[in-house]
Amino acid sequence: MGFFDFMTEDIAIDLGTANTLIIHNDKVVIDSPSIVARDRITGKIIAVGKEANMMQGKTHENIKTIRPLKDGVIADFDASEKMISMFIKSIPALKKKMFTPALRMVVCIPSGITEVEMRAVKESCERVNGKEVYLIHEPMAAAIGIGIDIMQPKGNMIVDIGGGTTEIAVIALGGIVCDKSVKIAGDVFTNDIIYYMRTQHNLFVGETTAEKIKIQIGAATDTLDSPPDDMSVQGRDLLTGKPKQVEVSFREIAKALDKSIQRIEDAVMETLSQTPPELAADIYNTGIYLAGGGSMLRGLDKRISLKTDLPVYIAEDPLKAVVRGTGMALKNIPKFRSILIK
């Protein structure tokens, strides 16, 4: 193994619907949107990540932007493989190497994923020179990343709101006791905002703009302690066809997102209702942990707390919680052997 070990690099990947993060040597080296731009004529990938993201919604017919992952699973195999490969090639420490080293990888997957989808992730990784590929369930990785000792006989509840899916899980003894995966997350929030702007303001906005609105003034309740200022939004007027600008307040966004957030609340309640009583007792004391980008929505923690009567904590740097956990599992494969899927 000696020589082979010397040639092997370890990387941890959080392959998300919205963002892909990669850890190498305990550092987050890639943090980019999961999007690629393809030239329609040659079929070549011309940009990935941030570059491709800037093209979104602004392309002519010869360029197509693709998000290879949908709802947390691979929808476009070819594009996802190219994307992973380009991300790995752009890791600074690996660029210096003369040839591509063999990779030992831990990749996280949504908990509601099928065998076939699991194999697609695995094969994508093996194609980019992954010699040892381990998979880990997302809520598990999030729990490790938040800093929970998952091997303890204690129940912990994780709600990971990503781009494509919201993963809810109760974890104890290094395993998932009950879980629920709902396809309502960041992307749905963005579409809710597009729909709201269309119906309420007769304003047609693109995904990028809607995403900006979500980040700048997005809220889960209309009673916030420190509300953000109103935001000017530009788009196309659906009546006149002219570009126009409107002012939008966080209260409107809270209204736009209400239905979707309700569905996340319902999923949380459902999971709680399936939790064995001993673990429910633990959760009463430990509360609920939020991770993922969606947990940064203003007032969401308060809202879930009101609904469940439990304390709700947001992970520090919630966007990186999952990849941090994946990285920790990678560093200590023997310890986490039981939760890694070979």
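Residues numbered from 1 in each chain as written. Predicted model: local features only at pLDDT ≥ 70, side-chain atom pairs only at ≥ 80, totals over all residues. Heavy atoms only, no water.

### Considering the overall build of the chain
Definition in use: Numbering goes from the N terminus for both helices and strands, where a helix is a DSSP run of H or I of at least four residues and a strand is a run of E of at least two. With the radius of gyration taken over C-alpha atoms, the globule rule is written as 2.2 Å times the number of residues to the power 0.38. Relative accessibility thresholds used throughout: buried, under 20% of the residue-type maximum; exposed, over 50%; partly exposed, between the two (1.4 Å probe, protein chains only). Here, two residues are considered to be in contact whenever any of their heavy atoms come within 4.5 Å of each other.
Looking only at helices and strands, one finds 13 helices and 18 strands in the chain. For 342 residues, the compact-globule estimate of 2.2 N^0.38 gives 20 Å, and the C-alpha radius of gyration of the chain, at 21 Å, lies within 12% of that figure. Each of the 342 residues in the chain was classed as buried or not, and the buried ones make up 51%. Long-range pairs, those at least 24 residues apart, make up 64% of the contacts in the chain with a sequence separation of at least 6.

### A closer look at the UniProt feature "binding site: ATP" (unreviewed entry) in the chain
Put simply, the rule is: UniProt positions are given in the numbering used here, feature names are shortened, and annotations may be inferred rather than shown by experiment.
Within this numbering scheme, the UniProt entry marks Thr17, Ala18, Asn19, Gly163, Gly164, Thr165, Glu211, Lys212, Ile213 and Lys214 as carrying the feature "binding site: ATP" (unreviewed entry). Relative to the helices and strands, Ala18 resides in the loop between strand S1 (8–15) and strand S2 (19–24). On the accessibility criterion, Ala18 (26% relative accessible area) is partly exposed. Here Ala18 is in contact with Ser32, Pro33, Ser34, Arg67 and Gly163, once residues within four sequence places are set aside. Residue placement: Ile213 occurs in helix H8 (residues 207–217). According to the relative accessible area criterion, Ile213 is buried, its value standing at 0%. If near-sequence neighbours (up to four positions away) are discounted, Ile213 is found in contact with Ile193, Met197, Gly218, Met231, Val233 and Ile253.

### As for helix H9 (residues 250–273)
The following threshold applies: Under the convention used throughout, the expected extent of a helix is 1.5 Å for every residue step, that is, one less than its residue count. By definition, a residue's bend is the angle between the axes fitted to the seven residues ending there and the seven starting there.
The first and last C-alpha atoms of H9 sit 32 Å apart over 24 residues, in line with the 34 Å expected at 1.5 Å per residue. Asp258 marks the point of greatest bend in H9, at about 50°.

### What about the sheet that holds strand S14 (residues 203–204)?
Convention followed: A strand pair is defined by DSSP finding two or more bridges across the two strands.
Overall, antiparallel pairing links the 3 strands, which are arranged S14-S15-S16 in an open sheet. Pairing within the sheet leaves two strands with one partner each, and these edge strands are S14 and strand S16 (243–248). Taken together, the 6 bridges between strand S15 (residues 231–237) and S16 define a ladder with antiparallel strand orientation. What sits directly across from Ser232, in S16, is Glu247.

### Here's the deal with the packing of H9 against helix H11 (residues 300–308)
We count it as follows: Only the stretch in contact is used when fitting a helix axis, every axis being a line fitted to C-alpha atoms; angles between N-to-C directions are given from 0 to 180 degrees. Oblique is the label for every angle not falling under 35 degrees (roughly parallel), over 145 degrees (roughly antiparallel), or within 65 to 115 degrees (roughly perpendicular). For a crossing to be left-handed, the near helix must be turned anticlockwise from the far one by less than a right angle; the clockwise case is right-handed. Classes in brief: Ala, Val, Leu, Ile, Met, Phe, Trp, Tyr, Cys and Pro nonpolar; Asp, Glu, Lys and Arg charged; the others, Gly included, polar.
One can describe the packing of H9 onto H11 by two numbers: an axis separation of 10 Å at closest approach and a directional angle of 45°. Our classification of the angle between H9 and H11 gives oblique. As H9 packs across H11, the resulting crossing turns out to be right-handed. Seen from H9, the contacting residues are Asp258, Ile261, Gln262, Glu265, Asp266, Val268, Met269 and Leu272; seen from H11, they are Leu300, Arg303, Lys307 and Thr308. Among the residues forming the contact of H9 with H11, the class breakdown is 5 nonpolar, 2 polar and 5 charged.

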